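# A look at the structure
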Amino acid sequence: MTRISVTVDGVESTDEVEPRTLLVQYLREARGRTGTPVGCDTSNCGACTVLVDGRAVKSCALLAVQADGREVTTVQGLSNGALHPVQRAFHERHALQCGYCTPGMIMAAVDLLRETPDPTEQEVREGLEGNLCRCTGYQNIVAAVRDAAAELRGAS
Amino acid sequence: MTATQDTGTREVGTARRRKEDAHLITGQTTWTDNIQLAGTVHAALLRSPMAHARIRVDVSAARNEPGVVAAYSGADLADELAGLPSAWQVTPDWVAPEHKPLATDEVRYAGDAVAVVVADTRAHAVDALDAIEVDYEPLPVVLDMERAMADDSPLVHSDAGTNVCFRYSDTFGDVAGAFADAPLHITRRYVQQRLVPCAMEPRSVVVAPVPAAGEYTVWSSTQIPHFVRLFLALLTGVSESRIRVIAPDVGGGFGSKLDIYAEELLTFTLARKLGRPVKWTETRSEAFQATIHGRDQIQDLDLACDADGRIRGLRVNLLADMGAYLQLLTPAIPLLGRAMFPGIYKMDAYEFGCVGVFTDKTPTDAYRGAGRPEATFAIERLLDELAAELHVDPLEIRRRNWIRHEEFPYDQIAGLTYDSGNYEAATARATELFDYAGLRAEQARRREAHDPVQLGIGVSTYTEMCGLAPSRWLGDRGYAGGGWEAASVRLLPTGKVEAVVGTSPHGQGHVTTFSQIVADTLGVPFDDVEVVHGDTAAAPAGLDTYGSRSLAVGGVAVWRAAQRVRDKAKTLAAHLLEVSEDDLDFDGGSFAVRGTPGATKTIQEVAFAAFAAHSIPEGFEPTLSADFVLEPDDFSFPHGTHLCAVDVDTETGRVTIRRYVAVDDVGKVVNPLIVEGQVHGGLAQGIAQALHEIAVYDEDGNLTTGTMVDYTPPSAADLPSFTTDRTETPSTTNPLGVKGVGEAGTIASTPAVVNAVVDALRPYGVTDVPMPCTPERVWRAIHEAQGGTS
Ligand code: FES
Ligand code: FES
């Protein structure tokens, strides 16, 4: 067992974890942040995407111990009361159906827009390449991300 | 009559944003795997790496591993675990081998489960699997359907004495006459490759027992909570009334969660044995092997035509891969396509034959479209080939053969009555949006210029059958159950409404759609309607979600139940206002005495009066609630015209979709936003079959495309934007005029894309590219065609 301290959605906690525990398992099982789901066991689907120190990371591709001392934001910590513009745009644009890919998709989009505030359609498509959605065909996701981009640019 | 004509409100037809979204975009979800009950133990399964072998399993060492609570082989549980059900006996003499949740003496596909470990944590359960000793004595493997049918083939089930599950055939019209001296035949073999559904949420089951009471609560990531309850009761002997099944948030299904799975029965049995909550969650790697696959059909087709391209008759012979066992609907899936091979076309005769074959592979079952995509692909590919043969535009060849809009209702050759449709209108709109003429002109120029990147244009004018299904129709075809759907609507004392429905969504937006229907019917605000679903304790009656039935069957049930509530409210309103019911108008949620301004009762006032019951007419039952169980009259038949333009790089074989136009006619639309979303998602899956996905087995029967990397479901970067539009020809088989949209995009798009790819390559002599049309396959098709002609 290894002792780690991780801030998750603004709350710091110190826990004992097995060295092999994945960050996503730690989030879900030790921290109760079940809003971040698991879609695969090969780090390909992106469903588990969270922000670690502000950067999008597949939380199944990181060990919990690697998050020691860092700050993790999940979809549950993205909004402070009001929805984040990306969340709002997903709702407005019907960018989710079953919603299983949605937490990861939203977190990946937040990071994408940090790096590329005014992405073209193609940039959004390529930027989200690591996040699979089986329901939507992506078109409304792309539209939502671009809507959110416009709103975020307007706000800054 | 439609719901909008019932009241002054106008929810139906509005692009309401979904009520479902709020918890999904904030992570406040209840996926089955999120459920963590005190005292839960975790199950993990050991799966066979061999496709066919005799097994001896010894789990005793696993019992000593850290955290292990129990470990069992299939043989250990043989007496306690019943075989899994297959509910659709397609022929009287079908072969339906026993299908135990854990293999007892033989494994028959790679991924067949041989043992289970239960431990305090998931990690401990998985670790302990390593301690299980299994002796695999290899048996010959059969993977190819034609090989499996040979007399000397190894057998998947040796006691069955055959690999043939069933043989089915049907003829309509004078087939011999239609085929005799037909001047033109289009004879083709098409292969519907095996697909993996890949719902993003892996399956998961939690079973919590109350041992002293003999009661069980089951959470399962399923499309069919009511079926799960029924079959758990049938298979375990526990009364249905003591089993509560909850389908909480479910992360996609596409047919893959329309099943009674080994792990559901196993988890239930373990919880019963151990007297504590047991949880099992699939890994994605397991899902690739242990969740059903789709399609996998070889189609031999013969289209007999007159010299001018008028279709005389169609012969279809299918080989359909069952995989190693029959799941819930496995043998019926290819037969659900039986009546759809004729598509939208008139013909004099039709012959259909299908042989279901066992192989040492994962069982197949319903995958989005379930038999209809395969049928539509066949006929739409044949029509393009016919057009090429006659040097006629593919749209023109369709016009010569399709049912004209004034001919509806139309009794088609395979015995279905198409109630409504307007293929001309959908095609006109699609060609306009697509700039069909402009793209054809560009294609001619690029052909002329020998552009190494050729433009191809593909057409698909599909129809499909939705709204499974009239119960008698199902019974006539050997299905054990019915096709009705149930709803209850309750106007609560506060004037809010609860609609309890028997279908439950896994992304389709039932809550929003049904709220719109109820809001219109009762004249209440959209936000005042709650939709309750997916829990057999709250919604005890229902037949669940599949076959694009939720709106066409379930939605109509909701509407009729709401009408009953409104009628009852009217009776009470008349009593309260001391007039006859005939003197009341209902508009905008208010009953008004005609000609007496101010004499009104809102439906909310009536709701409270019904609750208080201080003043009610003789014989009036207090409270305002009503049930309705709808038995569908018939199917509905969405249709549409999809046009696809692709650029095909003849040097690399790379296919790029340049334009995709989908004009669908799904009848009356309740929520255009949701309908469009369903079309988008359907297109993505249909395109994935055309261009991206295939389940490949090596010669030993190992699935070599067993991860997302190898199987390559398309990402956003692999797909284009779609142009979608609709025509609206109401269905006449249900009073809402709705048809169904969940599968249309998938059914239509696969042939549109492949037709486009082949069209691009016709100058090279290519007449087919096997799916998926990957660069390698396209390149090979070009080179083979060139080799053949030079
Ligand atoms: S669960 Fe992390 S990428 Fe799939
Ligand atoms: S919304 Fe279902 S996987 Fe994306």
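Named according to an unreviewed UniProt entry, chain B is Carbon-monoxide dehydrogenase large subunit originating from Actinocatenispora rupis. Quoted verbatim from the Cofactor (unreviewed entry) field of the UniProt record, the comment on chain B reads "Mo-molybdopterin cytosine dinucleotide".

The name given to chain A in an unreviewed UniProt entry is Carbon-monoxide dehydrogenase small subunit, with the source organism recorded as Actinocatenispora rupis. Quoted verbatim from the Pathway (unreviewed entry) field of the UniProt record, the comment on chain A reads "Alkaloid degradation; nicotine degradation."

In this section: the packing of helix α9 (residues 372–390) of chain B against helix α19 (residues 744–761) of chain B. Two packed helices can be described by the angle between their axes and the distance between those axes. All names here are of chain B. One can describe the packing of α9 onto α19 by two numbers: an axis separation of 8 Å at closest approach and a directional angle of 30°. One element, α9, and the other, α19, form an angle in the roughly parallel class. Of the two possible hands of crossing, α9 and α19 adopt the one that is right-handed. Each of Arg372, Pro373, Thr376, Phe377, Glu380, Arg381, Asp384 and Glu385 in α9 lies in contact with α19, whose residues at this interface are Ile747, Thr750, Pro751, Val754, Asn755 and Val758. For the contact of α9 with α19, a count of residues per class yields six nonpolar, three polar and five charged.

One finds Phe90 of chain A together with Leu303, Phe341, Tyr660 and Leu761 of chain B to be the most contacted residues of the largest nonpolar core, which totals 204 residues. Discounting chain neighbours no more than four positions away, the residues touching phenylalanine 90 of chain A are Ala95, Leu96, Thr102, Met105, Ile106, Ile141, Ala144 and Val145 of chain A together with Ile25 of chain B.

All names here are of chain B. Averaged over all residues, the pLDDT of chain B equals 96, while 98% of them reach at least 70. Throughout residues 1–8 the model reports pLDDT below 50, and contacts reaching past four residues in sequence, or to other chains, amount to 29 contacts. Both scores are available for the predicted complex, with the pTM at 0.97 and the ipTM at 0.98.

Here we take up the UniProt feature "domain: Aldehyde oxidase/xanthine dehydrogenase a/b hammerhead" (unreviewed entry) in chain B. Within the UniProt annotation, "domain: Aldehyde oxidase/xanthine dehydrogenase a/b hammerhead" (unreviewed entry) is assigned to residues 26–140 of chain B. Helix makes up 7% of residues 26–140 of chain B and strand 30%, and the two end C-alpha atoms of the span are 51 Å apart.

Quick look at the domain arrangement of chain A now. Residues and elements named next belong to chain A. Split into domains, chain A comes out as domain 1 (2–76) and domain 2 (85–153). Distance from the C-alpha centre of domain 1 to the C-alpha centre of domain 2: 21 Å. At the junction of the two partners, domain 1 supplies 18 residues and domain 2 supplies twelve residues. Our count for the domain 1 to domain 2 interface comes out at zero salt bridges. Our count for the contact surface shared by domain 1 and domain 2 stands at seven residue pairs in polar contact (both at pLDDT 80 or more). Elements with a contribution of two residues or more to the side of domain 1 that touches domain 2: β3 (49–52) and β4 (55–58). Residue classes in the side of domain 1 that touches domain 2 are distributed as eight nonpolar, eight polar and two charged.

Residue and element names in this part refer to chain B. Here seven strands make up an open sheet; going across it, the order is β3-β5-β1-β12-β9-β10-β11 and the pairing mixed. The sheet is open, and its two edges are formed by β3 (68–73) and β11 (243–246), each paired on a single side. When the angles between neighbouring strand axes are averaged without regard to direction, this sheet yields 20°. Of the pairings in the sheet, the one linking strand β1 (residues 41–47) to strand β5 (residues 113–119) comprises six bridges and is antiparallel in character. What sits directly across from alanine 43, in β5, is valine 118. Across the sheet, helix α2 (residues 122–129) is in contact with β1, β3, β5 and β12 (278–281); its angle to β1 comes to roughly 30°. Contacting β10 (215–220) and β11, helix α5 (residues 225–236) runs over the sheet at an angle of about 150° to β11.

Residues and elements named next belong to chain A. What the five strands build is an open sheet, ordered β2-β1-β5-β3-β4; its pairing is mixed. Edge positions in the sheet fall to β2 (11–17) and β4, since each has one partner strand and no second. The sheet shows a mean angle of 40° between the axes of neighbouring strands, taken without regard to direction. Pairing geometry for strand β1 (residues 2–8) and β2, over seven bridges, is antiparallel. Looking at β2, one finds that valine 8 is bridged to valine 11. Along the sheet, helix α3 (residues 102–115) contacts β3, β4 and β5 (71–73); its crossing angle with β3, the most-contacted strand, is approximately 40°.

The next point concerns the domain arrangement of chain B. Residues and elements named next belong to chain B. Per the domain assignment, the segments of chain B are domain 1 (21–28 + 484–630) and domain 2 (371–468 + 634–785). Put simply, the middle of domain 1 and the middle of domain 2, counted by C-alpha atoms, are 40 Å apart. Opposite the 17 residues of domain 1 that make contact, domain 2 presents 18 residues. Interface area for domain 1 against domain 2, summed over the two sides, is near 1,300 Å², with a carbon-plus-sulfur share of 66%. Between domain 1 and domain 2 we count zero salt bridges in total. If you look at where domain 1 meets domain 2, you find six residue pairs in polar contact (both at pLDDT 80 or more). Elements supplying a minimum of two residues to the side of domain 1 that touches domain 2: α14 (510–522) and α15 (550–577). Of the residues assigned to the side of domain 1 that touches domain 2, the class counts are seven nonpolar, nine polar and one charged.

What follows covers the environment of arginine 203 of chain B. Residues and elements named next belong to chain B. With respect to the helices, strands and loops of the structure, arginine 203 is situated in the loop between β8 (184–195) and β9 (204–210). Taking the relative accessible area as the measure of exposure, arginine 203 reaches 4% and is therefore buried. Sequence spacing of arginine 203 and tyrosine 261 is 58 residues, and the spatial spacing of their C-alpha atoms is 9.7 Å. Other than its neighbours up to four places away in sequence, arginine 203 contacts Ser221, Lys257, Tyr261, Glu263, Trp280, Thr281, Glu282, Ala290 and Thr291. Side chain to side chain, arginine 203 and glutamate 263 meet in a polar contact 2.9 Å long. In this structure the side chain of arginine 203 is engaged in a polar contact, spanning 2.9 Å, whose partner is the side chain of threonine 291.

With that settled, the discussion passes to the interface of chain A and chain B. Much of the literature gives interface size as the accessible area that the parts lose upon coming together. Listed by partner, the interface residues are 41 residues for chain A and 53 residues for chain B. Taking both sides of the interface into account, the surface hidden between chain A and chain B amounts to around 4,000 Å²; carbon and sulfur atoms contribute 54%. Taken together, the links from chain A to chain B amount to four salt bridges. Across the pair aspartate 127 of chain B and arginine 20 of chain A runs a salt bridge whose closest N-O atoms are separated by 2.7 Å. Across the contact surface, chain A and chain B share 26 residue pairs in polar contact (both at pLDDT 80 or more). Broken down by secondary-structure element, the contributors of at least two residues to the side of chain A that touches chain B are α2 (85–92), α3, α4 (121–127) and α5 (139–155) of chain A. No other element matches the four residues that α2 of chain A contributes to the side of chain A that touches chain B.

Another point: the packing of aromatic side chains. Residues and elements named next belong to chain B. Scanning all chains against the criterion turns up 20 aromatic pairs over all chains. Their ring planes at 75° and their centres at 6.2 Å tell us that tyrosine 109 and tyrosine 325 sit as a pair that is edge-to-face. Pair noted here: tyrosine 109 is in the loop between β4 (106–107) and β5 and tyrosine 325 is in the loop between β14 (311–323) and α8 (332–336), with a separation of 216 residues, a long-range link. Across this residue pair, the class does not change: tyrosine 109 and tyrosine 325 are buried. Summarising the aromatic geometry, the rings of tyrosine 190 and phenylalanine 377 are spaced 5.6 Å apart at their centres and angled 85° between planes, so their arrangement reads as edge-to-face. Here phenylalanine 377 lies in helix α9 and tyrosine 190 lies in strand β8, a separation of 187 residues in the sequence. Assigned by exposure class, tyrosine 190 and phenylalanine 377 land together as buried.

Procedures and definitions
Residues numbered from 1 in each chain as written. Chains lettered and ligands numbered in written order. Predicted model: local features only at pLDDT ≥ 70, side-chain atom pairs only at ≥ 80, totals over all residues. Heavy atoms only, no water. UniProt positions renumbered as here; feature names shortened; annotations may be inferred. Axes fitted to C-alpha atoms, helices over the stretch in contact; angles between N-to-C directions. Helix = DSSP H or I, 4+ residues; strand = E, 2+ residues; numbered from the N terminus. Parallel < 35°, antiparallel > 145°, perpendicular 65-115°, else oblique. Left-handed = near helix turned anticlockwise from the far one by under 90°. Contact = heavy atoms within 4.5 Å. Nonpolar A, V, L, I, M, F, W, Y, C, P; charged D, E, K, R; others polar. Core = buried A, V, L, I, M, F, W, Y, C linked by side-chain atoms within 4.5 Å. Buried < 20%, exposed > 50% of the residue type's maximum accessible area, 1.4 Å probe, protein only. pLDDT = per-residue confidence, 0-100. Domains from an automatic or database assignment. Salt bridge = Lys/Arg side-chain N within 4 Å of Asp/Glu carboxyl O. Polar contact = N/O pair within 3.5 Å; in protein donor to acceptor, adjacent residues only side chain to side chain. Pairing = 2+ DSSP bridges. Buried area = accessible area lost by both parts, 1.4 Å probe. Phe/Tyr/Trp six-rings, centres within 6.5 Å; stacked < 30°, edge-to-face > 60°.

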